[in-house]
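# Residue-level structural notes
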Amino acid sequence: MTALWITIVAVALASAALRAVGPILLGGRELPSSANAVIALLVPAVLTALVVTQTFSEDGWLVLDDKAIGVAVAAVVLALRAPVLLAVALAVVTTALARAFG
Amino acid sequence: MKSEGERGSGGYLAGARAVLPLALATGVMGISFGVLGYSLGWGMIVPIVFSVIAFSGSAQFAVASVLGGGGGVVPAIVAAVLLNARFLPMGVAVAPFLKGGAWRRALEGQAIVDASWAMASRDGGRFDREFMIGATIPQVILWIGGTVVGVLVGGVVGDVERLGLDVIFPAFYLTLLVEELRGGGQTIAVVVLAAVLALALIPFAPPGIPVIASCAVALLGLRGRSS
């Protein structure tokens, strides 16, 4: 029980610290313009990594499962310039169906 | 999303509204976490407290996975820290747009969560502070509320994964990414490289590392700028 509490408090403190370090150290300083170019690209880089890892990674293993089918459907729907919510909804329906009948 | 114009006090509301579809999925995942924690014998208090003080789905599921698999305290903490290491560069990116002294900034930095941060990004590496905070609030409420529901209903709901709702997160990030890709040339290069790098690292590196490695790809922004 105590080990569990130590773990969750440590993880909470670490998460808070990781979120706070940048804002504290940088204060309100403007970043140099070269940094702005990097940060503008950080957004697509992080999003790409989140899409890839949340689709193809399960407990550190590379997997190709029902989730990938759903994300692929979303990609096709988005490529057809359909509304964003429709793409997400179809991804959910596809994944649920694949899990039900897969 | 790149749309301009939703600034000032209206930004909070705009952020909250924009994130609602994802926040509903966050609520369902909260239920899932509550059920999981309760099933691991954590009781009702620990999962709820964990969601309140950590507010990080990926890290909390990682802790449950490590401890549930018989792992120790240190591996559980390390797994969670690696997964959340992305908050460091994300915090640096948003830092110039937060307000107040050190403590206030540290507090506002707690609003950094993946979806809010990405949706609050604007052209030229700028961020909409109000939009980010506004988008985080519904996610916090639904994550914690979901956890409470999860520990209360326990085994009743069964496996929420069957509903396919976990796919909402990658699908939603994909929609944000498509908006980014309209930025053109260098963005496309970064996305391709980041995707290849993350895929290549998943089988070899612990979870979290592929994301950090992909962040480093953004350093390409230092090239090809004649400044």
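Values in this document were obtained by computation on a predicted structure and should not be read as measured data.

### Describing helix H8 (residues 129–153) of chain B
- End to end, H8(B) covers 36 Å across 25 residues, agreeing with the expected 36 Å (1.5 Å per residue, within 8%).
- Where H8(B) starts, the residue carrying a side-chain oxygen 3.3 Å from the main-chain nitrogen of B:Glu130 turns out to be B:Asp128.

### Looking at the interface of chain B and chain A
- Taken together, the contacts link 87 residues of chain B with 70 residues of chain A.
- In this assembly, chain B packs against chain A so that about 6,600 Å² is buried in total across both faces, 78% of it on carbon and sulfur atoms.
- Across the chain B-chain A interface, the total number found is two salt bridges.
- Across the salt bridge formed by B:Asp166 and A:Arg99, the nearest N and O atoms sit 2.9 Å from each other.
- There are seven residue pairs in polar contact (both at pLDDT 80 or more) connecting chain B and chain A.
- The dominant element in the side of chain B that touches chain A, judged by the number of residues it contributes, is helix H9 (residues 168–181) of chain B, at twelve residues.
- Residue classes in the side of chain B that touches chain A are distributed as 63 nonpolar, 15 polar and nine charged.

### Here's the deal with helix H4 (residues 73–84) of chain B
All names here are of chain B.
- With twelve residues, H4 extends 17 Å between its outermost C-alpha atoms, agreeing within 8% with the 16 Å of an ideal straight helix rising 1.5 Å per residue.
- For H4, the set of buried residues is Ala76, Ile77, Ala79, Ala80, Leu83 and Asn84. Around the axis of H4, the buried residues are gathered within 160 degrees of arc, so they sit on the same side.

### Things to note about the environment of B:Ser51
All names here are of chain B.
- Residue placement: Ser51 occurs in helix H2 (residues 45–54).
- Taking the C-alpha atoms as reference points, Ser51 and Gly11, separated by 40 residues in sequence, lie 26 Å from one another.
- Dropping the residues within four chain positions of it, Ser51 is found in contact with Phe33, Gln60, Trp143, Ile144 and Thr147.

### Here we look at the side chain of B:Ser121
All names here are of chain B.
- Inspection of the secondary structure puts Ser121 in strand E1 (residues 121–122).
- For Ser121, a relative accessible area of 1% corresponds to the buried category.
- A polar contact of 2.9 Å, which involves the side chain of Ser121, links it to the backbone oxygen of Ala118.

### Looking at the nonpolar core
- Membership of the largest hydrophobic core comes to 85 residues, with the highest contact counts inside it found for B:Trp42, B:Phe50, B:Trp117, B:Phe127, B:Met132, B:Phe172 and B:Tyr173.
- The greatest single-element share of this core, amounting to eleven residues, is contributed by helix H2 (residues 33–56) of chain A.
- In this view, B:Trp42 contacts A:Leu4, B:Phe33, B:Gly37, B:Pro47, B:Phe50, B:Val63, B:Ala64 and B:Leu67; residues no more than four positions away in its chain are not counted.

### Considerations on a nonpolar patch on the surface
- A grouping of A:Val9, A:Leu13, B:Val52 and B:Ile53 is seen on the molecular surface, where their side chains present a nonpolar patch of about 340 Å² in accessible area.
- Counting only elements with at least two residues in the nonpolar patch, the list comes to helix H1 (2–26) of chain A together with H2 of chain B.
- With respect to the helices and strands, A:Val9 occurs in helix H1.

### Details of unusual backbone geometry
Residue and element names in this part refer to chain A.
- Although it is not a glycine, Asp59 sits at a positive phi angle of roughly 55 degrees.
- Within the element layout of this structure, Asp59 appears in the loop between strand E1 (57–58) and strand E2 (61–62).
- We classify Asp59 as exposed; its relative accessible area is 60%.
- If you check the backbone angles, Arg81 has positive phi at about 65 degrees while not being a glycine.
- Mapped onto the secondary structure, Arg81 falls in the loop between helix H3 (66–79) and helix H4 (84–101).
- Arg81 sits in the exposed class, given a relative accessible area of 67%.

### Describing the side chain of A:Thr55
- As for its placement among the helices and strands, A:Thr55 is situated in helix H2.
- Owing to a relative accessible area of 2%, A:Thr55 belongs among the buried residues under this scheme.
- For A:Thr55, the contacting residues outside a window of four places in its chain are A:Leu50, A:Val63, A:Asp65, A:Lys67, A:Ala68, A:Val71 and B:Pro170.

### Notes on the confidence of the model for chain B
Residue and element names in this part refer to chain B.
- The pLDDT averaged across chain B works out to 89; a share of 92% of its residues lies at or above 70.
- Mean pLDDT across the secondary structure elements of chain B bottoms out at helix H1 (residues 10–39), with 91, and peaks at H2, with 97.
- Every residue in residues 1–7 is under pLDDT 50, and counting partners more than four places away or in other chains gives 19 contacts.
- In the predicted complex, the global pTM is 0.89; the interface-specific ipTM is 0.92.

### Some thoughts on the packing of helix H10 (residues 185–201) of chain B against helix H11 (residues 209–216) of chain B
All names here are of chain B.
- At their nearest, the axes of H10 and H11 sit 9 Å apart, and the two run at 155 degrees to each other. Classified by the angle their axes make, H10 and H11 are roughly antiparallel. Along this stretch, H10 crosses H11, giving a crossing that reads as right-handed. Counting all contacts with H10, which are made through Ala194, Leu197, Ala198 and Leu201, the residues of H11 involved are Pro210, Ala213 and Ser214.
- Within the contact of H10 with H11, the residues separate by chemical class into six nonpolar, one polar and no charged.

The rules behind these values
- Residues numbered from 1 in each chain as written.
- Chains lettered and ligands numbered in written order.
- Predicted model: local features only at pLDDT ≥ 70, side-chain atom pairs only at ≥ 80, totals over all residues.
- Heavy atoms only, no water.
- Helix = DSSP H or I, 4+ residues; strand = E, 2+ residues; numbered from the N terminus.
- Expected span 1.5 Å × (residues − 1).
- Polar contact = N/O pair within 3.5 Å; in protein donor to acceptor, adjacent residues only side chain to side chain.
- Contact = heavy atoms within 4.5 Å.
- Buried area = accessible area lost by both parts, 1.4 Å probe.
- Salt bridge = Lys/Arg side-chain N within 4 Å of Asp/Glu carboxyl O.
- Nonpolar A, V, L, I, M, F, W, Y, C, P; charged D, E, K, R; others polar.
- Buried < 20%, exposed > 50% of the residue type's maximum accessible area, 1.4 Å probe, protein only.
- Arc of directions from axis to C-beta.
- Core = buried A, V, L, I, M, F, W, Y, C linked by side-chain atoms within 4.5 Å.
- Patch = residues over 30% accessible without salt bridge, like charges linked within 9 Å, V, L, I, M, F, W, Y side chains within 5 Å.
- Areas by Shrake-Rupley, 256 points an atom, 1.4 Å probe, with all protein chains shown as cover.
- pLDDT = per-residue confidence, 0-100.
- Axes fitted to C-alpha atoms, helices over the stretch in contact; angles between N-to-C directions.
- Parallel < 35°, antiparallel > 145°, perpendicular 65-115°, else oblique.
- Left-handed = near helix turned anticlockwise from the far one by under 90°.

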